[in-house]
Amino acid sequence: MSLVLHVRGRVLAGPQDVRDELWVVDGRVTYDRPAGARDVRTVTGWALPGLVDAHCHVGLDAHGPVDAATSEQQALADRDAGTLLIRDAGSAADTRWIDDRPDLPKIIRAGRHIARTKRYLRNYAHEIEPADLVAYVAREARRGDGWVKLVGDWIDRDAGDLTACWPRAEVEAAIAEAHRLGARVTAHCFAEESLRDLVEAGIDCVEHATGLTEETIPLFAERGVAIVPTLVNIATFPRLAAGGEAKFPRWADHMRRLHERRYDTVRAAYDAGIPVFVGTDAGGSLAHGLVAAEVAELVTAGIPPLEALSATTWGARAWLGRPGLEEGAPADLVVYDEDPRADVRALAAPRRIVLDGRVVG
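Here we summarise the structure given alongside this text. As the structure is a prediction and not an experimental result, all values here were calculated from the model. Each chain carries its own residue numbering, running from 1 in the written order of its sequence. Under the rules for a predicted model, residues below a pLDDT of 70 receive no local features and side-chain atom pairs below 80 are neither given nor counted, while totals for whole chains, interfaces and linings still include all residues. To obtain the side-chain values, all non-hydrogen atoms of the structure were included, while hydrogens and water were left out.

## So, helix α9 (residues 262–271)
Here is the rule we go by: Working definition: with a 1.4 Å probe on protein chains only, accessible area under 20% of the residue-type maximum means buried, over 50% means exposed, and in between means partly exposed. What counts as a helix is a DSSP run of H or I of at least four residues, what counts as a strand is a run of E of at least two, and both are numbered from the N terminus. By definition, the arc is the one covered by directions from the helix axis to the C-beta atoms. Should any heavy atoms of two residues lie within 4.5 Å, those residues are counted as being in contact.
Residues of α9 that are buried include every one of Arg262, Thr265, Val266 and Ala269, and no others. An end-on view of α9 places all buried positions within 95° of arc, on one side of the element. Every exposed residue of α9 that faces more than 90 degrees away from the buried side is listed here: Asp264 and Asp271. Lining the buried residues of α9 we find α5 (217–223), β17 (226–228), α6 (231–234), α8 (249–260) and α10 (291–300).

In structure tokens form, the structure reads like this:
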């Protein structure tokens, strides 16, 4: 028998599932003490399933794709913050090599962003016109790991503000094609305008979702469309607005208004029953390793601490189709000195990080 890891103290396997201990044998979780175990390492504290960052861009920086060495450092920063599962919500870089590294987080990829021509960040996306949307969605559905990422709105230079990128008919056809190929679809959306069309077209998730209103929140809730608010990114809106105000004053004012109501928007979404998950938007202008800060932001918005924890642990893993700390699951877990249910800020100080049963931090 290989090295056995014994985790004792409090194992938070689910919102109501608290155990006194677990064992890791051959990289897998078990709650039965292994017979004949001699080489045992014991870790004590509060254990959670490895954290989830459901909006993260390994392989990107502010200028576009980065090299493998930089991607590695990004992934390590996320891992050392306790993030052991990433939904990479769009990347122009090929990071498949990370799958062969047992010391790096597991990644669920959404392929490369799909944007309207000259309507997104340079070097990030496939920039296309609506007639090509279905073909590109099919391409990225095959390239990704069950997700496709659209850019739903962006600044329109003629309008001087955020506007929707895609006509309703084209986006309906594209989402239907993704679903036919077994992929879910998410979209970057800051503003109000694009949301109804995307949801009624069958989208599965919306990133940021700062444009939710009392008219669209019930629609999201009825359809079960999830949101990933990325509040640590939304905090940058005033700085972005200041930088673009001279050229696009209408857009700058809009961004400030979206920022001002951000906490009310998230709380209203949660209260209506919209699924809310943790994502940081790391990899553009933001640093990696901000998952604890995003959980704290959800609590600031008014989401109860246990629900905010679920949004980066049990709930997020179930949504993404990945196991938590159930019997036989890969042993991906993080151990803390303090109970994160009492204060989610404890997530900022992981004591031990275990990935596939190996202590990596």
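## Notes on the pattern of salt bridges
Definition in use: Salt bridge, as applied in this entry: a Lys or Arg side-chain nitrogen positioned within 4 Å of an Asp or Glu carboxyl oxygen.
Applying the stated criterion to the full structure yields 28 salt bridges. Among the salt bridges present, the one from Arg19 reaches Asp17, with a minimum N-O distance of 2.6 Å. Put simply, Asp253 and Arg257 hold a salt bridge, and the shortest N to O gap is 3.0 Å. Residue Asp253 and its partner Arg257 are both found in helix α8; the two are separated by 4 residues, about one turn of the helix. Take Arg257: its relative accessible area is 38%, and that puts it in the partly exposed class. Through salt bridges with shared partners, one network takes in Arg168, Glu172, Arg196, Asp197 and Glu200.

## Digging into the pairing of strand β4 (residues 40–49)
Quick reminder of the rule: Here the rule is simple: two strands pair whenever DSSP picks up at least two bridges between them.
In this structure, strand β1 (residues 4–14) lies alongside β4, joined through 8 bridges in parallel fashion. Each residue of the ladder has a partner; that of Leu5, found in β4, is Arg41. In terms of strand pairing, β4 meets strand β18 (residues 333–336) through 4 bridges, oriented antiparallel. Residue pairing across strands places Leu48 opposite Val334, the latter belonging to β18.

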